[in-house]
Amino acid sequence: MRISDLAAEAGVTVKAVRYYEAQGLLKPRREANGYRAYDADDVVVVREVKALLSLGLTAEQTYPFIECLRAGNERADVCPASLTAYRTRIADVDRRIAELTDLRARLTDLLTDAESWRMKQL
């Protein structure tokens, strides 16, 4: 299939497919005329990459998942490296939650202090 067919079937743009290829996530074969040729496995890879990117993983962090698929696994997340990538992303999310929780507490304290000061001025 052509790049536009792959993009449509996987639910991404042609630009996204080209980006995935530039990142080494896709390795299409070339036809005699130089056009890229994709197959059903490439659709699975693009869908997986799209899903992983939506979870906040970077293109680089999707490599273990794609390699897991290329190794013949039905799922991209059953290999040890994929599980490690999940754990790393969860740790990143936990860190961000802690940062946001701290920020919220500081803002709440400032608001309470400002409201208290204002009430004393009235």
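Everything numeric here is computed off the predicted structure, so don't read it as measured data. (Residues numbered from 1 in each chain as written. Predicted model: local features only at pLDDT ≥ 70, side-chain atom pairs only at ≥ 80, totals over all residues. Heavy atoms only, no water.)

Asker: Mind showing me how you'd approach the environment of Leu57 here?
Answerer: Among the secondary structure elements, Leu57 is positioned in the loop between α3 (40-54) and α4 (63-70). Taking the C-alpha atoms as reference, Leu57 lies 8.6 Å from Ala85; in sequence the two are 28 residues apart. (Helix = DSSP H or I, 4+ residues; strand = E, 2+ residues; numbered from the N terminus.)

Asker: Help me out: how do you make sense of the state of the cysteines in this one?
Answerer: Disulfides are covalent bonds that connect the sulfur atoms of two cysteines. Under the definition given, this model contains one disulfide. With its sulfur 2.1 Å from that of its partner, Cys68 forms a disulfide with Cys79. Judged by the sign of its S-S torsion, about 80°, the bond between Cys68 and Cys79 is right-handed. One end of the pair, Cys68, is in helix α4; the other, Cys79, is in the loop between α4 and α5 (80-121), with 11 residues separating them in the sequence. Taken individually, Cys68 and Cys79 each receive the classification buried, so the pair is uniform in this respect. (Disulfide = S-S within 2.5 Å. Buried < 20%, exposed > 50% of the residue type's maximum accessible area, 1.4 Å probe, protein only.)

Asker: Any chance you could explain the packing of helix α1 (residues 3-10) against α3 here in plain terms?
Answerer: Any two packed helices are characterised by how steeply their axes cross, that is the angle between the axes, and by the distance between the axes. Two elements in contact, α1 and α3, have axes separated by 9 Å at closest approach and are oriented at 50°. In terms of their interaxial angle, α1 and α3 are classed as oblique. In terms of crossing hand, the pair formed by α1 and α3 is right-handed. Residue-level contacts link Leu6, Glu9 and Ala10 of α1 to Asp42, Val43, Val46, Arg47 and Lys50 of α3. (Axes fitted to C-alpha atoms, helices over the stretch in contact; angles between N-to-C directions. Parallel < 35°, antiparallel > 145°, perpendicular 65-115°, else oblique. Left-handed = near helix turned anticlockwise from the far one by under 90°. Contact = heavy atoms within 4.5 Å.)

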